[in-house]
Amino acid sequence: MPIVLHDTLSREMRPLSLKAGKSTFGMYCCGPTVYGPAHIGNFRTFTLQDVLRRTLEVDGLKVKHVRNITDVDDKTIRGAQAAGQTLTDFTKKWTEKFHADCKALGLLTPQVEPSAVAHIPQQIAMIQALVERGHAYVSKDGSVYFKVHSCKGYGKLSHIDFSKQETQATNSAGEANDADEYERESASDFALWKSRKPEDGNNFWPSPWGEGRPGWHIECSAMSLAHLGATFDLHGGGIDLCFPHHENEIAQTECATGINGFAAHWFHSAHLLVEGEKMSKSKGNLFTLDELVAKGFSPMEVRYALIAGHYRTSLNFTMKGLEDARSALGKIERGVEKLLQVAGFTKAEFSVPTVMETQTAWGRFAHAWEVLQHDLNIPGCLGQVFTMLADKSELTEAQARHDLSGLGKILYALGLVLFTEVAGPSAPANVVALAAQRWAAKQAKDFAAADRLRKELTELGWTMLDHKDGYDLKKSV
RNA sequence: GGCGCGGUAGCCAAGUGGUAAGGCCGGGCUCUGCAAAAGCCCCAUGCGUCGGUUCAAUUCCGACCCGCGCCUCCA
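I will try to describe carefully the structure that is included in this document. A quick note: this is a predicted structure, and the numbers were derived from the prediction, not measured.

**Brief notes about helix α13 (residues 397–414)**
Then, number 1: When the terminal C-alpha atoms of α13 are compared, their 25 Å separation across 18 residues agrees well with the 26 Å that a helix rising 1.5 Å per residue should span.
Then, number 2: The buried fraction of α13 amounts to 13 of the 18 residues, a majority that puts the element mostly inside the structure.
Then, number 3: Immediately downstream of α13, the backbone of G415 shows phi near 70°, a positive value.

Structure follows, in structure tokens:
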């Protein structure tokens, strides 16, 4: 059974499968603008794209995942100048940070990660084609604009009728939308090439229209064309990119190539709220992965919290949600451990990617997989996983192995890696000594002393967890 | 104003024309010198409001109320 997914353009559920004669599923995702650390809202989108890719892979498709790096735009140029660095050095630093965060969150590396700066010639070629075909014009200052009214079907993705004048006088930031209309023929036209401005510093490139730099939208059109062709299977991004960015991508690519049908499927993920409010710098609720890790959460817990809601519904990200994620992951781990025991495997033998590649059975997790296949229903799938883990049926060794095969594939699709808990900070010598004393007191049944020592440990910020024949020390939360 | 999304238990969150998955929290029990951890059990006659269709609606239709997103370079 193929995966079905809601498509923003047609507004229908559509199956995802290979086109006739194709061997790979081409997927383009708008990547980060590398001018600072990505925040968890960005990572919700990237993580959901990662789950989609993994789910397609479990379904048996070979996926070519392309996710660009936006390394030239207003923010990167401003950031580099503020940091006193070259644009290259500045964006390299933040690209590396992005990669480190992706790795921590368990995101698979895209097959291609094109840089906008490395595709300037492709962008210029595309703009030239648009000018030649009458879809773009050069303004007095040497900028090039896309002529929206020349593009039949413009607005089809966001379902806006541009034949009527519906553009507001101001945008969401309160800026006049027609600020530089004297350069443009129409307020809805957008920049393909921006002529060199003094504030751009050294960041300009030569072009047939003079020195300047590419507009933002053309970057993605040029890179998707270069790496996936004029048409490909799926395009993804945050819902905010639907208009204008994705609408413009469609217009640019279809008008430049003359081929209709840019992306066959549009996958948009809803936004993240933090503690019930929209994320914004002024509210100070723009969390980065590092900040959450500093609060004591593991990247895997963050991942779980990010995927725990349906992708088309905005998710309220809270500290409570991260704690819930921690408990839920623990529950899955214990369930897997129980299955491993019945199946006669050790934890070390449970390699999820290996299971993914070699096992075909689904056991009792067949239904959970079906739920996931239907519009990437991750919360529904998790619910089904927990239901099955709570099922008390006596299992044979073979049945437990089938369960592990099915559950292993689902965990691969969700990108949940278990048993990764790293040892917490090791206790200082005085704490270790106190713990040893308490254990001795307990063994001697001197419970008054044992209780007193436990209290001392608590005051030092450590918790002692007793077992049958030993104990663990954990830093109190 | 245009386009779109959503309102389900204390919190988070699936789902269905036939009577509400799951996670967290909470409560009870078991275990335990204590404390934890873990296991077991319990926890929405109710799905924003009001109408309509139907043998039957939380699920379909209509109206309304509330919250949210985008509307030219925010994932």
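**Comments concerning the sheet that holds strand β6 (residues 144–146)**
Across a sheet, strands are paired by hydrogen bonds formed along the backbone, either parallel or antiparallel in direction.
Then, number 1: With respect to topology, four strands assemble into an open sheet ordered β5-β6-β7-β8, the strand pairing being antiparallel. Looking at strand neighbours, the two that pair on one side only are β5 (136–138) and β8 (212–214), the edges of this open sheet. Put simply, the sheet's adjacent strands are angled 20° from each other on average, direction ignored.
Then, number 2: Sheet analysis places β5 next to β6, joined by three bridges and oriented antiparallel. Along β6, the bridge assignment pairs A136 with F146.
Then, number 3: Taken strand by strand, helix α4 (residues 120–132) contacts β5, β6, β7 (190–195) and β8, and its axis lies near 120° from that of β7.

**Brief notes about the pairing of strand β2 (residues 12–16)**
Then, number 1: Inspection of the sheet shows strand β1 (residues 3–7) paired to β2 by five bridges, in the antiparallel sense. When the sheet's bridge partners are listed, H6 is paired in β2 with M13.
Then, number 2: Hairpin connection, β1 to β2: the antiparallel pair is bridged by four residues, and R11 has positive phi, about 60°.

**Some words on the pairing of strand β14 (residues 462–466)**
Then, number 1: Across five bridges, β14 lies against strand β15 (residues 471–475) in antiparallel orientation. Across the sheet, the residue bridging to T463 is K474, located in β15.

**Overview of the packing of helix α5 (residues 216–228) against helix α6 (residues 242–257)**
Then, number 1: Viewed as axis vectors pointing N to C, α5 and α6 meet at an angle of 55°, and their least axial separation amounts to 9 Å. Between α5 and α6, the angle is such that the two are oblique. By crossing handedness, the relation of α5 to α6 is classed as right-handed. Here α5 contributes W216, H217, I218, C220, S221 and L225 to the contact with α6, which in turn contributes P244, H245, N248, E249, Q252, T253 and T257.
Then, number 2: For the contact of α5 with α6, a count of residues per class yields five nonpolar, seven polar and one charged.

**Looking at the packing of aromatic side chains**
Then, number 1: On inspection of all chains with the given rule, the structure shows 12 aromatic pairs.
Then, number 2: Ring centres of F43 and F46 lie 6.2 Å apart, and the angle between their planes is 75°; on these two criteria the pair is classed as edge-to-face. In this pair, F43 and F46 are both assigned in helix α1 (residues 40–58), three residues apart and thus about one turn of the helix distant.
Then, number 3: With 4.9 Å between their ring centres and 45° between their planes, F267 and Y311 make a pair best called tilted. In this pair, F267 is assigned in strand β10 (residues 266–269) and Y311 in the loop between α8 (299–307) and β13 (315–317), connecting sequence segments 44 residues apart.
Then, number 4: The exposure class assigned to F267 is buried, which follows from its relative accessible area of 1%.
Then, number 5: Classification of Y311 by relative accessible area gives buried; the value is 1%.

**Overview of the environment of F232**
Then, number 1: You can see F232 is positioned in the loop between α5 and β9 (234–238).
Then, number 2: With 20 residues separating them in the primary sequence, F232 and G212 have C-alpha atoms 30 Å apart.
Then, number 3: When residues no more than four places from it in sequence are discounted, the contact partners of F232 are G26, Y28, S224, F262, A263 and A264.

Criteria and cut-off values
Numbering of residues starts from 1 in each chain and follows the order in which that chain's sequence is written. Following the order in which they are written, the chains are lettered starting with A and the ligands numbered starting with 1. Local features in a predicted model are, by the rule used here, given only for residues with pLDDT of at least 70; side-chain atom pairs are given and counted only at 80 or more, and totals for whole chains, interfaces and linings are based on all residues. Only heavy atoms go into the side-chain values, all of them from the structure, while hydrogens and water stay out. The numbering of helices and of strands both runs from the N terminus, where a helix is a DSSP run of H or I of at least 4 residues and a strand a run of E of at least 2. By this rule the span expected of a helix is its residue count minus one, scaled by 1.5 Å. Relative accessibility thresholds used throughout: buried, under 20% of the residue-type maximum; exposed, over 50%; partly exposed, between the two (1.4 Å probe, protein chains only). Whether two strands pair depends on DSSP finding at least two bridges between them. For helices, the fitted line uses only the C-alpha atoms of the stretch in contact; every axis is such a line through C-alpha atoms, and the angle between N-to-C directions lies from 0 to 180 degrees. Contacts are assigned to residue pairs that have any heavy atoms within 4.5 Å of one another. Roughly parallel here means an angle under 35 degrees, roughly antiparallel means over 145, roughly perpendicular means 65 to 115, and every remaining angle is called oblique. We call a crossing left-handed when the near helix sits turned anticlockwise from the far one by less than a right angle, and right-handed when that turn is clockwise. Only Asp, Glu, Lys and Arg are considered charged in this grouping, and only Ala, Val, Leu, Ile, Met, Phe, Trp, Tyr, Cys and Pro are considered nonpolar; every other residue, Gly among them, is considered polar. Classification of ring pairs uses Phe, Tyr and Trp, with its six-membered ring standing for Trp, and accepts pairs whose centres are within 6.5 Å; under 30 degrees between planes counts as stacked, over 60 as edge-to-face, and the remaining range as tilted.

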